[in-house]
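Residues per chain, in single letters:
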Amino acid sequence: MGQGYSSSSSLPGLGRGGDLTLALPDECLASIFGKLGCHDRNNCSLVCKHWKRVDSKSRQRLVLVARSEISLWFPSLLARFSSVSVLSLKCSRKLVSVDDDALARIPALLPSLKKLKLKGCVDVTDNGLLGFSLHHPPLLSKLSFASCGIGSRGIVSLLVNCPSLKDLTLKRLRKLDAESTPLSFQHQSCFKTKSNTNDCYSYGKLERLCLKDLHNARLFIPLLCSSTHSLKTLIVCRSSGNWDSVLQSLQTTSSTSSIEEIQMDNVQMGDPGLVAISSSCPRLQVLYLSRATDCTDDGLSAISNSCRKLRKLHIDAWSRFGSQAIGEEGFLSIATKCSGLQEVVLMGLPITVISLNALATSCPVLERMALCNTESIGDSEMQFIGAKFNALKKLCIKNCPISDTGIKAVGEGCPSLVKLKVKRCRGVTKESMWKLRMRRRRLMVSVDSGSMLLAEDETDDRGGTVQAAVLPQKSRTSTSSSRTHDVNVICSSRGALLIRSRFENVLRLNNNNRRRSN
C-alpha cells in the first residue's frame, strides 16, 4: 500500500516532460513516420535531432522542386536521405532546372535508387543521362521523363547501362520528336563494338513501355522489335503517327511477342494494327481501345480468332466523323470465342440482347461490366442482365435510357452483385434505389444523383456520389420550412457543388434571421 508504479520513472531519461519516443526502437518510430503524409513528415523531422535522424534513415520516397538553385545542395541533401529508393524531380518549364552535372551525381549519392521521375527539367540533356547511366545503377527499375530536354541518345544509353530497367515512361519529349532519330544502337556513340541492334537490346529486360504525347511513331520500331521477348505492357496515348506500321513491325521478328497488355488511346490505328496484334501477341490478356478511329469489326474479329486468353476488354467506340466504326458484330465475335473474359467496358457500342446472351453463355467468369453512352441499353436488356449474369459482381450503367423497371430487375437477379453504379440515367428515381437497398442491404449502391433530391443525412460530404441507402420522400404533412431544411441537391460537378454551397449559405442566413426575429 502506498506504492505506485510509474512507467516513465523506470525508463532512463524519461522524467516529467521527457521524450517517450526514446524508449521506442528506431524501427517502430520509422514505421510510424511511414504512415504520415509528406507535409506532416517534414514537420516531424524538425522536432528534434532524434526524429530527424530516424526520418533521414527511413525515408523511402523524396520529391524535390528541381530548380537550378538546388544543384549546390544536392550532395548534402541526398547524403542525408541515403536510403531513398524513389526520387522525383519536378520543375516548371518556364524556370531553369537542375543541369546534367547534378543528375550525374544521383547514382553515387543514392545507391538504393529504384525509381526516378523527371518532370519539366528542360535543362537536362543527353549528356546528363549518359553520365547518369555510366554509374550502372544496379537497382534502378523504373524511369519516367516528362517535358525534359532529352533525345534518343540519352534514352538508349539508359537502356544499355541500366541492367535492372523494366519500366520506361516517356511524355512530351519535344527534342526527341525534333531529332527524328530512331531509338537504335547504331546511333549510340558509347558503343565501340559492332553488333546487331537486336543483340544489343537483348541485354535489357524492358517489361513496360508507356508513350504519351509524342509525335513520331516510327522512332520506336527498333525498340519494340528488340523487346518482344520481354515486353509485357505497351501503352500509347495521344501519340501521332502511323501505329499500324509500328505494330506490323512486330510480325517481322522471329519469335512471338510476350505482350500481355496493350492500351491504345486516341491514336491513328486501324484494322491492320489489330491484325498485327492478333498474329504477334497470342498471349494478350488486356486490350484497351479508346478513340482508335479506324478500327472496325474486322479488326476485333481478328483479335477474337487469335487472342483467346483475353481477360479484360475496354472499347470506346468514338469516331472522328460521328460514324459508327465498331459495331455489335465485332464484340459478338469476342464474346463468343474469348471464354475467359472477367471485365468488359463498352462505351458507345450498340449492344443488344444478342451480344449479352453470347456474353452470358460463353463467359461464365465475367465479374465486372460497364455499359456507357449507348441508346440500345434499356429495361429489357437490364432484365436480361439480372436473369443471366449470375457471376457478375460489379455493374456500372452510365447515360443509358433505363428506368426503375431495369433497376428492379437487376436487384431481383444477379445473386453475386456487390456494387451497382448508376450515372446520368434520368429515368431512375430515388424510390427505386431505396427499394433496391431495402431488398439487398449488403449491396453498395453508388448513384450520380444529378438533379435528385435526397435527405441531408445521406449526402456525401465530399459531394461526389451517394454510397448508402436512398430514403423515400417525407410525408406531405410536413411544413414547407422543414422540407427546405431537410433536402440538399447532390451533383457531381464542381460548378454544381459551388451552387449547392451557395444555397446552403443562403438557407443558413435565413434560419439565423428567423431566430433573431423570434
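Residues numbered from 1 in each chain as written. Predicted model: local features only at pLDDT ≥ 70, side-chain atom pairs only at ≥ 80, totals over all residues. Heavy atoms only, no water.

Colleague: Would you mind going over the packing of helix α12 (residues 271–280) against helix α13 (residues 297–306) with me for this structure?
Modeller: For any two helices packed against each other, the geometry is given by the interaxial angle and the distance between the axes. One way to put it is that α12 packs onto α13 with a least axis distance of 8 Å and a crossing angle of 0 degrees. With respect to each other, α12 and α13 are oriented roughly parallel. For the pair α12 and α13, the contacting residues are Asp-271, Leu-274, Val-275, Ile-277 and Ser-278 in the first and Asp-298, Gly-299, Leu-300, Ala-302, Ile-303 and Ser-306 in the second. Tallied by class, residues from the contact of α12 with α13 come to six nonpolar, three polar and two charged. (Axes fitted to C-alpha atoms, helices over the stretch in contact; angles between N-to-C directions. Helix = DSSP H or I, 4+ residues; strand = E, 2+ residues; numbered from the N terminus. Parallel < 35°, antiparallel > 145°, perpendicular 65-115°, else oblique. Contact = heavy atoms within 4.5 Å. Nonpolar A, V, L, I, M, F, W, Y, C, P; charged D, E, K, R; others polar.)

Colleague: Teacher, can you tell me more about the environment of Asp-213 here?
Modeller: Note on placement: Asp-213 falls in the loop between β6 (208–212) and α10 (221–226). Judged by its relative accessible area of 15%, Asp-213 falls in the buried class. Sequence-wise, Asp-213 and Leu-170 are 43 residues apart; in three dimensions their C-alpha atoms are separated by 8.5 Å. Within the local environment of Asp-213, its side chain forms a polar contact with the side chain of Arg-238, the two groups lying 2.9 Å apart. (Buried < 20%, exposed > 50% of the residue type's maximum accessible area, 1.4 Å probe, protein only. Polar contact = N/O pair within 3.5 Å; in protein donor to acceptor, adjacent residues only side chain to side chain.)

Colleague: Hey, could you run me through helix α5 (residues 100–109) in this one?
Modeller: An α-helix turns once per 3.6 residues; consequently, residues spaced three or four apart project the same way. Looking at α5, one finds that the buried residues are Asp-100, Ala-102, Leu-103, Ala-104, Ile-106 and Pro-107. Close packing links the buried residues of α5 with α4 (74–80), β2 (86–90), β3 (115–119) and α6 (126–133).

Colleague: It is not clear to me how the packing of aromatic side chains should be interpreted in this structure. Could you clarify?
Modeller: Within the structure shown, the criterion is met by one aromatic pair. Between the aromatic rings of Phe-33 and Trp-51, the centroid separation amounts to 5.6 Å while the plane-to-plane angle is 70 degrees, which identifies the pairing as edge-to-face. Placement of Phe-33 in helix α1 (residues 26–34) and of Trp-51 in helix α3 (residues 49–58) is noted, with a sequence separation of 18 residues between them. Comparing Phe-33 with Trp-51 shows no difference in burial state: the two are buried. (Phe/Tyr/Trp six-rings, centres within 6.5 Å; stacked < 30°, edge-to-face > 60°.)

Colleague: Help me understand the UniProt feature "domain: F-box" (unreviewed entry) in the protein chain in this model?
Modeller: With numbering matched to this structure, UniProt assigns "domain: F-box" (unreviewed entry) to residues 24–62. The span residues 24–62 carries 67% helix and 5% strand; its end-to-end C-alpha distance comes to 25 Å. (UniProt positions renumbered as here; feature names shortened; annotations may be inferred.)

Colleague: Explain the packing of α1 against α3 here, please?
Modeller: In contact at an axis separation of 9 Å, α1 and α3 are set at 75 degrees when each is read in the N-to-C sense. Compared by their axis directions, α1 and α3 come out roughly perpendicular. The residues of α3 that touch α1, namely those facing Asp-26, Leu-29, Ala-30 and Phe-33, are His-50, Trp-51, Arg-53, Val-54, Asp-55 and Ser-58. When the residues that make up the contact of α1 with α3 are grouped by side-chain class, the tally is five nonpolar, two polar and three charged.

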